[in-house]
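Structural description and commentary
So the chains spell out like this:
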Amino acid sequence: MATDFSSTAFAAQGSPPAPSSAAFPRRLLEQLEEWVGHGLCWVCVDPPNGLCRSKDQPPLDYQALAPRLVQVARRGQVQAVVNQAPLLVLALPVPREMTSGAVWVGLDCYRIGPLRTPQLDRLHPWVLDVDDFATWAQQQPITAPRTAQHLLQMALRCLKQQAQLDQIGTEVDQLCEQLCHTYEEISLLYRLTNNLALNRSEQELAATAVQWVGQILPAQGLAIFMPQRMARSPTSGGLWTYGPFPLSSQEVETLLEYLGLGFQHAPCVLNHPQEQFPQWPFPEVHELIVVPVYESERFFGWMIAVNHLYGGEFGSAEVDLLQSISTILGIHHSNTLYYHEQGELLTGIVRSLSSAIDAKDPYTRGHSDRVARVAVRLARQLGCDARTVDTIYLAGLLHDVGKIGIDDRILRKPGRLTPEEFEHIKQHTIIGYEILRGIKQLCHVLPVVLHHHEAWDGSGYPHGLAGECIPYLARVVAVADAFDAMGSDRPYRKGMSDEKLDAVIRQGAGKQWDPKVVEAFFACRNEIRRVVKLSPEEDPIQLRIWPSY
Ligand SMILES: [Fe+2]
Ligand SMILES: [Fe+2]
C-alpha cells in the first residue's frame, strides 16, 4: 500500500533526479496514506524535480499534469485535476511549511465509472499506456467522486493538524531549552549581584565572573581583561581567563588596537574573521566577541569570548549575556571607585583635623600621627582584622581631637598643671566625642576618643571604667598614647629613655593598661621604636577601604 519514497522519480520518465529526502515530509505523508487507506503518488512541483509513486496508483503522465498541480499548490485546497469517467484524479497540496520549502502535491486516482473503450480513448492526454491503465482500473472499486473528495479533504485537515501538533511540540522543546538557558543566565546574574560587596576587590569579582560565565557561554575560551592603565590601583589590572584562552595580555592589547576598539561602547562580534581580514594576525581565533566593561564614560576593561564551543557562530544571545555581565561589572567598578574616593576624602579630612590639633599644641607636633601608627602595630600584633586595623588608625589620628576645645594657655603651659587646669584638660575626651558624634562615618572611632584615658584599674577618666569594660580599641590606643607622650621631649622635660619607658609600661600592666596590650607592646617593641622615628611619608598607612559598620 505504501508509497515507495525512494525509488521512483521523474528520472524514470526522463526527468531530473529525485529531490533530497530532507525536503520530503515522509512521516507526515505515511500518516496521511494511513488515513486514506492506500498509497498515493507524490510530485514535487517547486522545484519541479521529483516523483514518488505508489503501486496503488496508475501509470499516468504525471509530467503532463504538472501545470495543473502548480495551480493546486497555489490554492492550497484539494482539487480534481482530471475528472473524466472512468478516471478521477484528486490533487492534495502539502503546505510548504511542512516540507522545508519544497512544494509537494499528492495525487490520488479513483475509478468513477464503467470501463468503455471510447471513454478510455479520451484519457490519452494523461494515460501513457491504455492497457496498463485498464488493468489498474479493473482492480479498483467504483467510487463516488464526492466520497473520494471528502476523504481526501478530511485527510488534508488531519495532516495540517498533525503538522501543527508537531510544530507546537518543536516549539515547546525549543522553549524548554530556551527557558533552561535563561534560567542559567538569571541564576548567574543573581549570584553575581550577590557578590557585589563594595569591599570586594575588582580582581576577586573578575576571577569569579569569568569562571561562572565561562561555564554557561558556548565559547572555548573567555577572558576579562583590565589594562593596568585603566585600573584604580597599580595592582588592580590583569587578565582573568576561563578555558583555553589563546591570547596573552599583550596579544589582547594588540587585538583591541587591530580592531580599533579603544573606547567603543558597542560590542564587536566577528565570525570567521579570516574571511573579513585576509591578514588576520590571530590564527587561533576563529570566532570572537568583545564587549567593553564601562560605566558612563569610564572604561574599566573588556570581556572577550573566543571560538564557538560547537563550531557554530556567535550571535545575539551570547552578546546579550556578556553585555549583562559587563554592565554589572562596570557599575560595580564605578561604585567601588566612588566608594574609595569618598573614603580617601574622609581620610583627608581626618588628617586635616589631626594637623589642626598639632597646630594648636606645637609641643606635641606629630603626636596624633605617631600614636595612630604605633596603635596600628599593636593591633596587628594582637591579631586584629584589616577593618579593625583601619579603624584604629583613624582613631589614633583623632583621639585628641577634643584638644581643639581646650584653652591654648593651658594646653601650651610649659610647667606642671594645677588641679583645676588638669580638670580642664581632661575635658578633651568629652569635647572630642561631641565634635565627632555627628559624623556618621566616624561613629566607630568614638569609643576611643572618649575612653583613651581610662585606666585598667578604674582610676582613669572620664568615666572611671575598669578592665574589659573599657572599649578594646581604647585600651590599645591608651598604650600607644602613653608610649609616645612619655618618650617625646617637651620644652620643660626630656623624653624618657627606652629603658625607663619599658619599666614604666611593664609596671603599669594590670594597673594603668590592659596586660595583654602591654604584652603585645613588648612583642613588637623594636618595630614600634623604629616606626616612631619615621615621618608619615616614610611610613604611610594605606587604608584598604573606608570601614563601614
Ligand atoms: Fe588624650
Ligand atoms: Fe594623646
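Our subject is the structure that appears above.
Residues numbered from 1 in each chain as written. Chains lettered and ligands numbered in written order. Predicted model: local features only at pLDDT ≥ 70, side-chain atom pairs only at ≥ 80, totals over all residues. Heavy atoms only, no water.

By size, the foremost hydrophobic cluster in this structure holds 46 residues, and its most contacted members are Leu378 and Ile505. Ranked by residues supplied to this core, first place goes to helix H16 (residues 472-487) with nine residues. Contact partners of Leu378, with chain neighbours within four places excluded, come to Val476, Val479, Ala480, Val517, Ala520, Phe521, Cys524 and Ile528. (Core = buried A, V, L, I, M, F, W, Y, C linked by side-chain atoms within 4.5 Å. Buried < 20%, exposed > 50% of the residue type's maximum accessible area, 1.4 Å probe, protein only. Helix = DSSP H or I, 4+ residues; strand = E, 2+ residues; numbered from the N terminus. Contact = heavy atoms within 4.5 Å.)

In this section: the coordination of the iron ion (ligand 2). Those protein atoms acting as donors to the iron ion (ligand 2) are His367 (NE2), His399 (NE2), Asp400 (OD) and Asp481 (OD), and they sit at 2.1 to 2.4 Å. One can describe the donor arrangement at the iron ion (ligand 2) as irregular, given that its four donor atoms subtend angles of 74 to 171° at the metal. Ordering the donors of the iron ion (ligand 2) by residue number gives the pattern H-x31-H-D-x80-D. Taken as an interatomic distance, the gap from the iron ion (ligand 2) to the iron ion (ligand 1) is 3.6 Å; Asp400 donates to each of them. Within this pair, whereas Asp400 is found in the loop between helix H11 (386-398) and helix H12 (408-411), its partner Asp481 is found in helix H16, the two being separated by 81 residues in sequence. A single burial state applies to Asp400 and to Asp481, both of which are buried. (Donors = N, O, S within 2.8 Å, 3.2 Å for Na, K, Ca; no water. Tetrahedral: all angles 85-135°; square planar, octahedral: opposite > 155°, others 65-115°.)

Applying the stated criterion across every chain yields a total of eleven aromatic pairs. Look at Phe299 and Trp302: their rings are 6.4 Å apart centre to centre, the planes differ by 40°, and that puts the pair in the tilted class. Using a relative accessible area of 8% as the deciding quantity, one classes Phe299 as buried. Judged by its relative accessible area of 2%, Trp302 is buried. Positioned above the aromatic ring of Trp212, the side-chain terminus of Arg191 is 4.6 Å from the ring centre. Taking NZ or CZ as reference, Arg506 lies 4.1 Å from the ring centre of Phe522, over its face. (Phe/Tyr/Trp six-rings, centres within 6.5 Å; stacked < 30°, edge-to-face > 60°. Lys NZ or Arg CZ within 6 Å of the ring centre and 35° of its normal.)

Tetrahedral coordination by four donors puts the ideal angle at the metal at 109.5 degrees, and octahedral coordination by six puts it at 90 or 180 degrees. Donor atoms from the polypeptide that coordinate the iron ion (ligand 1) comprise Asp400 (OD), His428 (NE2), His452 (NE2) and His453 (NE2), at 2.0 to 2.3 Å from the metal. Note that the iron ion (ligand 1) binds four donor atoms; their angles at the metal cover 86 to 175°, and the shape is irregular. Here the donor residues of the iron ion (ligand 1) share one chain and are spaced in sequence as D-x27-H-x23-H-H. Under the relative-accessibility criterion, His452 is labelled buried at 2%.

Now for the pattern of salt bridges. Considering all chains together, one arrives at 18 salt bridges under this definition. The salt bridge partner of Arg529 is Asp498, with a shortest N-O separation of 3.4 Å. Linking Arg529 in helix H19 (residues 525-531) with Asp498 in helix H17 (residues 498-508), this pair joins segments that are 31 residues apart in sequence. Residue classification places Asp498 among the partly exposed residues on the basis of a relative accessible area of 36%. What emerges from the salt-bridge pattern is a single network uniting Asp369, Arg373, Arg377, Glu527, Arg530 and Asp539. (Salt bridge = Lys/Arg side-chain N within 4 Å of Asp/Glu carboxyl O.)

Attention now goes to the environment of Tyr339. Topologically, Tyr339 is positioned in helix H9 (residues 316-360). Tyr339 gets classed as buried once you look at its relative accessible area, which sits at 17%. It is 70 Å that separates the C-alpha atoms of Tyr339 and Cys44, two residues lying 295 residues apart in sequence.

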